[in-house]
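Below, each chain spelled out in residue letters.
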Amino acid sequence: MSRIDLQKASSKGLKELLGHLLGSGKVSAVFSLRKDPETGSYDLGLITEEAGLETVKPLAPVMIANAGQVLSSFAPSAEPIAVVLKPCELRAFIERAKREQGSLENILTISMTCGGVLTLDRVVSGLDSDKIGDYENHCFAGDIHSETRETCKACEYFVPMNADITVSMVGQKDAGTKCHIYLNTDLAKEMAKGFGPDPVEEDFDNSLVEGLASKRAAEKEKLYGAVMSGKGGLDAVIDTFGKCLGCHGCSRVCPICYCMICDFESRNFDNDMPYFEKELEQKGALRLPPDTMFFHIGRMIHMSFSCVGCGQCSDVCPADIPVASVFKKVGEETAAIFEYVPGRDIEEAIPVMVFKEEEFTEFID
Amino acid sequence: MQEKMENQELDQFKPKIVGFLCNWCTYAAADLAGSSKMEIDPALTVIRVMCSSRVDHNLVLTTFFSGADGVLIAGCHPGDCHYGAGNYYARRRYALLKKVMESLGLESERLKLSWISAAEGNRYAEVVNSFSEKIRQLGPNPINKMSGL
């Protein structure tokens, strides 16, 4: 592994690298977060002209949509492209690639050690440079910023697992004035040739992220202790998901929920008169819209083991259900029984698609 | 007094258990148990499926949400699947479903997977009877009375 050190702020340094890649024709497009200078709103952009890089904010603590989900729509790419993804977005994209919703072919992945993203509420109410500065101070010092998403605060996978290029942010005290770019793969080294000073041979310094890792671990324990009153049970589950309006927004924004026609939106769940009559006879009352809890538990079974904990679902929930916290907790437990970590390795098969002959014997009698 | 009433209620409780039985092994075992005049708990309602791997999660969830007190999935022993490997996939799905229920604190004991071959009429009767007894002790599925779902 090698590292390029630049004498300028991280975001500026990364922007220059993107400029080099695009200008030299090594990539034909760059995919990154942008900020509209006039309206101040963020979006994701696919940029082919160097001039277009001016508005790029590759390291902004913002997740408008999970970029791993958006990237699917133009990957596999016919020509090489450079994409800037947060660690969870990269993992999400790998999970999607496993489901044939994209491919890593022709893609140069750039990621960063991530201090979390600010909640959507915070983002849409406007982010000035003071706010970003405040966030960066926390991030560079290896602290948790109070306005980041709940799942970000509890996220332990903030060091990218398999990016070609990693920008060091967390715990990197001089990241405001210096840019440290790690080249993790041969592809990255090839791409960065001719850019900046000569790279130095050095492995990623894990001591930078240890501080945040332990803070996040403590935060995670706190979060899991609070989810569904800490103990679960039918009453707690109803309490948590009882507010659901049935808008299915959480599954729309979920990078793992890729089904074009969701089972829960299909005719299978169109209820007819006999169903209502039966329910009424049994329970004496009926909740409408029906099947909201069924939807959440069903979705948990379908995808929780692949949940990357990006927190997008909680952010869009109009009823303020902590969807992501529940899914992250349940997902961690379901993934654990298959010794699976979502997005760790593209070669690792989706748990329900494979089996071993000798396993789970303790579950069965 | 209340205890007595509760006991009475429990005595009257007739559990409803839905059994998804694989056509090639367990369904035949059920047949064998019947024709051998074994005593089998009437709590079980049998649904024949072609393979235990046909039982997708939504079927089990629907069954529970419709008020079943227990769900039994049963198929061929590992290695004996009529289709080669269906029961291995069924086992993974079952483990996943069970874990989600456990994780949410729902009563995962109400769900059971068993391997019963076509020759095991005895075992079929045993499994059904012991599972029914267990469900009887667990009591009715609380979902039955809840309209807030």
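Just so it is clear, the structure is predicted and the values come from calculations on it, not from any experiment.

Cut-offs and rules
Residues numbered from 1 in each chain as written. Chains lettered and ligands numbered in written order. Predicted model: local features only at pLDDT ≥ 70, side-chain atom pairs only at ≥ 80, totals over all residues. Helix = DSSP H or I, 4+ residues; strand = E, 2+ residues; numbered from the N terminus. Rg over C-alpha atoms; globule rule 2.2 N^0.38 Å. Buried ≥ 20, exposed ≤ 12 C-beta atoms within 10 Å, placed from the backbone. Domains from an automatic or database assignment. Contact = placed C-beta atoms within 7 Å. Nonpolar A, V, L, I, M, F, W, Y, C, P; charged D, E, K, R; others polar.

K.L.:
Just to check I follow, could you spell out the overall build of chain A for this structure?
P.N.:
Scanning chain A from N- to C-terminus turns up 14 helices and 8 strands. Expected size for 365 residues packed as a compact globule is a radius of gyration near 21 Å; at 22 Å, chain A falls within 12% of this value. Principal-axis analysis of the C-alpha atoms gives chain A an extent of 75 × 50 × 40 Å. The buried share of chain A, reckoned over its 365 residues, is 44%.

K.L.:
Even after reading the chapter, I still don't get the overall build of chain B, so can you show me in this structure?
P.N.:
Helix and strand content of chain B: 5 helices and 4 strands. In sequence order, the secondary structure elements of chain B are arranged as α-β-α-β-α-β-α-β-α. Taken over C-alpha atoms, the radius of gyration comes to 16 Å for chain B, in line with the 15 Å a tight globule of 149 residues would show. Seen through its C-alpha atoms, chain B measures out along the principal axes to roughly 55 × 35 × 20 Å.

K.L.:
What should I look at first to understand the domain arrangement of chain A in this one?
P.N.:
Accessible area lost upon the coming together of the parts serves often as the stated size of an interface. Residue and element names in this part refer to chain A. Domain assignment breaks chain A into domain 1 (2-221) and domain 2 (229-363). The straight-line distance from the C-alpha centre of domain 1 to that of domain 2 is 29 Å. Contacts between domain 1 and domain 2 engage 26 residues on the former and 21 residues on the latter. For the side of domain 1 that touches domain 2, the elements supplying multiple residues, two or more each, are α2 (67-71), α3 (87-98) and α6 (150-153). Considered class by class, the residues forming the side of domain 1 that touches domain 2 number 12 nonpolar, 6 polar and 8 charged.

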